[in-house]
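Examining the three-dimensional arrangement
The primary structure of each chain is shown beneath.
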Amino acid sequence: CLQTEKILHLKSHRGRKVRVVREHYLRERVPCYSSLCQADCENDGKVLPGDLTHYVVPDVGVVVDFLEILEFRELQGVVFTQTACQAVQHCKGRRQYNRLRNLIKDPRHDCVLFANEFQEYSYCPREKGESQEKWQTRCVYSAAVWYHNHLAGMKDVVMITEDQDAVAEYSSLNAGVYVISDFLQNFWPELQPAHELYSSISQALQEKESESSQKEYTEHLPAEILEAGIKSGRYIKGTLNINKHHDEASIMTEGLSNKNNDPSWAVLVCGNKNRNRAVHGDTVVVELLPKSEWRGKVTALSEGEEKSGEDNESKPMPTGRVVGILQRNWRDYVVTFPPRDGTQSQSRNSQRILAVPWDRRIPKIRISTQQADALQDHRVVVRIDSWESTSLYPNGHSVRVLGRAGEMETEVQTILIENCIHVPPFSDAQLREMPVNSPEKPWRMDPVQVAERRDLRETHLVFSIDPRGCEDVDDTLSVRSIAGGKLLELGVHIADVTHFVAEGSLTDLEARIRSTTYYLADRRYDMLPAVLSADLCSLLGGVDRYAMSVMWELDAQTLAVNKVWYGRTVIRSSYQLHYELAQALLNGEPAEVPELARLEPEEKDAKLAELNQALETLTHVARHLRAQRDRGGALELEGVEVRAQLDEQRNITALVPRQPLEVHETVAECMIYANHWVARKIQETFPHQALLRRHPPPRQEFFNQLVESAKAMGFTIDTRTNKALADSLDRAVDPQDPLVNKMLRMMATTAMSQALYFSTGLESQDQFYHYGLALDRYTHFTSPIRRYADIVVHRLLTAAIAVERGADSGRAIASNKELEELAQHINSKNRAAQRAQKLSTVLFQCLYFKERDPQTDPQCVADAIVYSIRNNGLLVYIPEYGVKGPVYLKNREGQVVAAGEDGSCEWQSGSLRHYSDRISTTSSCGTSTFRLCDHITVRISVRSTSSHADSLNLEIISNKPHRSAEPQQPHSQGRSQLVQEVVRQAEEAQQQAQEKAARRPKLSREEREFSQSKTPNLYSLLEEVRELALMDLDTAARVCVTSAS
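Just so it is clear, the model here is predicted, and its values are computed rather than measured.

Side note on the overall build of the chain
The helix and strand tally for the chain stands at 28 helices and 39 strands. Evaluated residue by residue, the chain yields a buried proportion of 50% over its 1045 residues. Taking all contacts inside the chain whose residues are at least 6 apart in sequence as the whole, residues at least 24 apart take part in 67%. If you sum the accessible surface of the chain, you get close to 50200 Å²; carbon and sulfur atoms cover 47% of it.

Quick look at the structure:
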């Protein structure tokens, strides 16, 4: 090892230049990570393939400015130098540096990191008077030469740079080492997206040079001053959260970022100037303003331009201004290019456009483009490059075009990008890892695996209970009497996904990145390839499958647990039941079990009796388990679930609200029980390295609206404990209006904090508690097909079983730090999935109403129930469509809603008075009062803007409940009307492309385009809910049976 010195010229926090001399060690042997290496380098991890025509070594400037292009998977054999990586860290910050590190670690990309500054023969000391840029270029070129020589000339090396002086200086010095500036044009002329991105970034860099020198914002303070101010308490550090309805933002300080913390530490930031170039999600440092300048949050409903005033604000709270940004949260943004108005600046080569982000919380972004006219009213993905103090708006560059605004596919892709959801088709490399199961080559169990597992195929009656038409069956159940009837054995058997998905494999990496299956209104994006999710990991009836099982030995009388067994099993599900069939069997109603249809009567009756006995025993056990949790304070919160009816081709025939059946709770209790016991097992075995799920108790102030609303209706809600809350919600029932209890439970749900995954090494054991389920420990184990957390838990359980047996647990268990980072990633992806699902629901609701005339179409008029009172209006819920939204009682002209004697409403001059439980308007027609839980009639229309997502507009037309004149009988066309009407336009364009193609398999659009399975559509749901709400139960049941047949 050779010791030398490295001299750094740094700046102190006062701006003085400081010369720092550090020891620097050089080694002769540094890994090259090439498969062609003849020098026996210790190349652990991925290596560059040897079958490429050349290796690519990008210069520092290329890595700093054009990293996005180097992320294209088509660019293979890329060698990133240590010099370039350090430049990214210093110039672009930690976020971009982490992006580069993740790119290098990603096994899907053919790129490696070469530590050139530690290699004895490639290291270049900086010469006296040499600029940093020249020295960095020389270092990278020296690394390229070393690579060529190290591989004995077997591989040409291409150094790519934007510096024409470097091309002139180095291009002819060494044979086999080429220095060029037009790499894409020479080697990838047909990679059009990369060329477009290169052009966009180049234009943005050129425009940056011509920025004005006039200051628009104050400069951010240096990092050293910010850190010192945070330590002294002068400044406050936190995450900026911008309100999408008002021109205000709040800062939640570190450790106070969720609902469980003291809200007094939230700091308000009002206006763009005080935000000082910070963007939603940035980690910022704020300085409090004098108390005389503190303001309150806006409490009035807003349409985006509502002026705030003292009457519309809450009590004053700490208010501040941003003085520094510690970490940017820039991501991909979807913007719309507005119509040309003649004010946009224009040069000979490009036009500077202020693009409007889809997310209202993001400022306009200045883009330089030559396609401004062609891209008007299109959705475009852009990235922010910089935001200098001399610019009113951030500068960015376009990445790709999504399509015309308003088209269904464009809007769906917008939702995915805005929530950082990236779900490309599974790659060929990932699919090659999958087992084959085809008629020509059917999959069979490995005899070695069968020998190592507990075989339940001949000894246990295993069955599944799922929604009708379910294809990803990841859980089955068994129950039997043993020991002469003195004991019961309850079993929960879950698909053994980890047998097929090896830790560290490409499939595992992709599942980890996705973390969950994403469910949108008209489709889903699976976490795992379909050969697993819908076939080999699906516990279908009558086929042999691998499973992970938890089996309890219970006392037959008391149901107390004698012992628990965990392990890998082999099962064969005897019955694949759907909920309605299982409930019919429990009720003793005549029902046809498909698996018994061809048996002789005597054998059929015997097997049916055996199945009935198992279902009854299971129900008995589940009732006991639920009663245990109820005594502990388990909550039953409001949620609407819908069941899809599908035909044999997986097409939707109907969607109906799922009727609350006892068998739903039976299955749920068994799954909760399994999750709880697995959590106990892995936490006891790995006290500091187990992945659990906790649900913290909500803050009491979040229950204020619930308590006040219930009080106004004559009910008392006790929120001191989960048990008290559950009991008081059960008592808050209005016999005249069942929606009252529904609304109260919705308010309770809103007040809840979010359940989170965490590593047990991070929290004390008293923080493990799950408030909603009333359990001391909980995790997710029962759905590994659609949740990556369950895969992690399966691996932990396997390791815990191995520890118990004294065997080797295989791969090392993730450390507490690694597990907590993974938990944070999964939590983030789960939040993104929830937001995307909600946004797609709103999108399809808007598409449903967009083509209807709200003045004449009866479907645009609906009954709404008031669930919140605001300063200038109401928040209402429409049960018919599952829609929530604001209803304004005062408009911008100062007029208020006045109700006539017949209940009809119109705008008139008048005044408005707001109370905690009601709001009154006074006009020439008299006084109209609206109270919590009042039923009113609203008209639904769509508010469209070219730049943002469409939204539903609710207008009150009567202060009386809405009742249809005559119940309409459902018809077959009605159930499919929504799907046909909304999806038709999007599929017409796709059909034209199909006609041009050669023979292709007849797959659905989602299967062709995304390699994903198709799932029910929200439009049918809305139509079916509306129709069934008008029928009696007997008629509804007949319609469901007819639709299913």
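Section: the packing of aromatic side chains
Within a pair of aromatic rings, the relevant descriptors are the distance that separates the centres and the angle that separates the planes. In the structure shown here, the tally under the stated rule is 17 aromatic pairs. Between the aromatic rings of Tyr55 and Tyr147, the centroid separation amounts to 6.4 Å while the plane-to-plane angle is 85°, which identifies the pairing as edge-to-face. Highlighted residues: Tyr55 in strand 3 (residues 54–58) and Tyr147 in helix 5 (residues 132–150), separated in sequence by 92 residues. Overall, Tyr55 belongs to the buried group, its relative accessible area being 0%. Their ring planes at 15° and their centres at 4.7 Å tell us that Phe114 and Trp146 sit as a pair that is stacked. Residue Phe114 is located in strand 5 (residues 111–114), and its partner Trp146 is located in helix 5; the two are separated by 32 residues in the primary sequence. Looking at Phe114, the relative accessible area reads 0%, which means it is buried. Three or more aromatic residues link up through ring pairs in this structure, and these residues are Tyr55, Phe114, Trp146 and Tyr147. Directly above the ring of Tyr217 sits Lys273, whose terminal nitrogen or CZ lies 4.8 Å from the centroid. Directly above the ring of Tyr867 sits Lys884, whose terminal nitrogen or CZ lies 5.5 Å from the centroid.

Focus on the nonpolar core
For soluble globular proteins, the rule of thumb is that nonpolar side chains tend to be buried together. Formed by 85 residues in total, the largest nonpolar core has its most connected members in Phe463, Ile465, Trp552, Leu577, Leu691 and Phe781. Domain assignment of the residues forming this core places at least three in each of domain 3 (428–635) and domain 4 (662–848).

Notes on a negative patch on the surface
Together, Glu600, Glu602, Glu603 and Asp605 make up a negatively charged patch on the protein surface. Residue position: Asp605 is located in helix 18 (residues 601–632).

Here's the deal with the confidence of the model for the chain
Per-residue confidence for the chain gives a mean pLDDT of 83, with 84% of residues at or over 70. Segment residues 255–264: pLDDT under 50, and 22 contacts once partners within four positions in sequence are set aside and those in other chains are kept. For the stretch residues 1028–1045, pLDDT sits under 50, and the model shows 22 contacts to residues farther than four places along the chain or on other chains.

Here's the deal with the side chain of Ser122
By the secondary structure assignment, Ser122 is in the loop between strand 5 and helix 5. A distance of 2.8 Å separates a polar side-chain atom of Ser122 from the backbone oxygen of Asn116. Dropping the residues within four chain positions of it, Ser122 is found in contact with Phe114, Asn116, Ser142, Ala143 and Trp146.

What about the side chain of Thr476?
With respect to the helices, strands and loops of the structure, Thr476 is situated in strand 20 (residues 475–482). Discounting chain neighbours no more than four positions away, the residues touching Thr476 are Val462, Phe463, Ser464, Gly491, Val492, His493, Leu539, Ile571 and Ser573.

Comments concerning the environment of Phe463
When you line up the elements, Phe463 lands in strand 19 (residues 462–466). Given a relative accessible area of 0%, Phe463 falls into the buried group. When the C-alpha atoms of Phe463 and Ile571 are compared, they prove to be 9.8 Å apart, with 108 residues separating the residues in sequence. When sequence neighbours within four positions are dropped, the list of residues in contact with Phe463 reads Thr476, Leu477, Ser573, Tyr575, Leu577, Leu611, Ala614, Leu615 and Leu618.

Overview of the sheet that holds strand 37 (residues 926–931)
An order of 34-35-36-37 is seen for the four strands of this open sheet, with the pairing classed as antiparallel. In the strand order of this sheet, the two ends are held by strand 34 (895–899) and strand 37, each with one partner. In this sheet, neighbouring strand axes are inclined to one another by 50° on average, regardless of whether the strands run parallel or antiparallel. In this structure, strand 36 (residues 918–923) lies alongside strand 37, joined through six bridges in antiparallel fashion. From the neighbouring strand, Ser923 faces strand 37, where its bridge partner is Gly926.

Looking at unusual backbone geometry
One non-glycine residue with positive phi stands out, namely Tyr33, at about 60°. Inspection of the secondary structure assignment puts Tyr33 in the loop between strand 2 (17–26) and strand 3. The phi angle at Ala483 is positive, at roughly 55°, despite the residue not being glycine. Mapped onto the fold, Ala483 is located in the loop between strand 20 and strand 21 (487–495).

A look at the sheet that holds strand 8 (residues 235–242)
Taking strand neighbours across the sheet as the criterion, the five strands line up as 10-9-8-11-12 in an open arrangement whose pairing is antiparallel. The outermost strands of the open sheet, each flanked by one partner alone, are strand 10 (267–270) and strand 12 (320–327). The average undirected angle you get between the axes of adjacent strands in this sheet is 40°. In the packing of helix 9 (residues 223–232) onto the sheet, contacts are made with strand 8, strand 11 (283–288) and strand 12, and the angle to strand 12 comes to roughly 120°.

Details of the pattern of salt bridges
The tally for this structure, following the rule as stated, stands at 44 salt bridges. Arg108 is the salt-bridge partner of Asp106, the closest N and O atoms lying 2.8 Å from each other. Across this residue pair, the class does not change: Asp106 and Arg108 are buried. Counted as one network, the salt bridges with shared partners bring together Asp455, Arg457, Glu458, Asp544 and Arg572.

Things to note about helix 22 (residues 739–751)
At 3.6 residues per turn, the α-helix brings residues three or four places apart onto the same side. Between its first and last C-alpha, helix 22 extends 18 Å over 13 residues, near the 18 Å set by a 1.5 Å rise per residue. Taken across its 13 residues, helix 22 has eleven buried, putting it largely inside the fold. Where helix 22 is buried, its residues meet helix 20 (704–712), helix 21 (722–731), strand 31 (861–870), strand 32 (873–878), strand 33 (883–888) and strand 38 (935–943).

Here we look at helix 17 (residues 579–586)
In terms of residue burial, helix 17 counts as a mostly covered element, since six of its eight residues are buried. When helix 17 is considered as a whole, its buried residues turn out to be Tyr579, Leu581, Ala582, Gln583, Ala584 and Leu585. Once helix 17 finishes, Gly588 follows within two positions and takes phi at roughly 75°, a positive value.

Side note on the pairing of strand 13 (residues 333–336)
Along strand 13, one buried face is formed by Tyr333 and Val335 and the opposite face, lined by Val334 and Thr336, is buried too. Here strand 13 pairs with strand 16 (residues 378–386) via four bridges, running antiparallel. Counterpart to Val335 in the pairing with strand 16 is Val380.

Examining the packing of helix 19 (residues 662–685) against helix 23 (residues 788–805)
Between helix 19 and helix 23, the least distance of the axes is 9 Å, while the angle of their chain directions is 60°. Put simply, helix 19 runs oblique to helix 23. Relative to helix 23, the crossing made by helix 19 is left-handed. Contacts from Val678, Lys681, Ile682 and Thr685 of helix 19 reach helix 23 at Val793, Leu796, Leu797, Ala800, Val803 and Glu804. Across the contact of helix 19 with helix 23, the residue classes tally to seven nonpolar, one polar and two charged.

Structural notes on the environment of Leu52
Here Leu52 is to be found in the loop between strand 2 and strand 3. Linking Leu52 and Asp156, residues 104 residues apart in sequence, is a C-alpha distance of 9.5 Å. Ignoring sequence-local partners within four residues, the contact set of Leu52 consists of Gln76, Gly77 and Lys155.

Calculation criteria
Residues numbered from 1 in each chain as written. Predicted model: local features only at pLDDT ≥ 70, side-chain atom pairs only at ≥ 80, totals over all residues. Heavy atoms only, no water. Helix = DSSP H or I, 4+ residues; strand = E, 2+ residues; numbered from the N terminus. Buried < 20%, exposed > 50% of the residue type's maximum accessible area, 1.4 Å probe, protein only. Contact = heavy atoms within 4.5 Å. Areas by Shrake-Rupley, 256 points an atom, 1.4 Å probe, with all protein chains shown as cover. Phe/Tyr/Trp six-rings, centres within 6.5 Å; stacked < 30°, edge-to-face > 60°. Lys NZ or Arg CZ within 6 Å of the ring centre and 35° of its normal. Core = buried A, V, L, I, M, F, W, Y, C linked by side-chain atoms within 4.5 Å. Domains from an automatic or database assignment. Patch = residues over 30% accessible without salt bridge, like charges linked within 9 Å, V, L, I, M, F, W, Y side chains within 5 Å. Salt bridge = Lys/Arg side-chain N within 4 Å of Asp/Glu carboxyl O. Lys, Arg positive; Asp, Glu negative; His and termini not counted. Charge placed at Lys NZ, Arg CZ, Asp CG, Glu CD. pLDDT = per-residue confidence, 0-100. Polar contact = N/O pair within 3.5 Å; in protein donor to acceptor, adjacent residues only side chain to side chain. Pairing = 2+ DSSP bridges. Axes fitted to C-alpha atoms, helices over the stretch in contact; angles between N-to-C directions. Expected span 1.5 Å × (residues − 1). Parallel < 35°, antiparallel > 145°, perpendicular 65-115°, else oblique. Left-handed = near helix turned anticlockwise from the far one by under 90°. Nonpolar A, V, L, I, M, F, W, Y, C, P; charged D, E, K, R; others polar.

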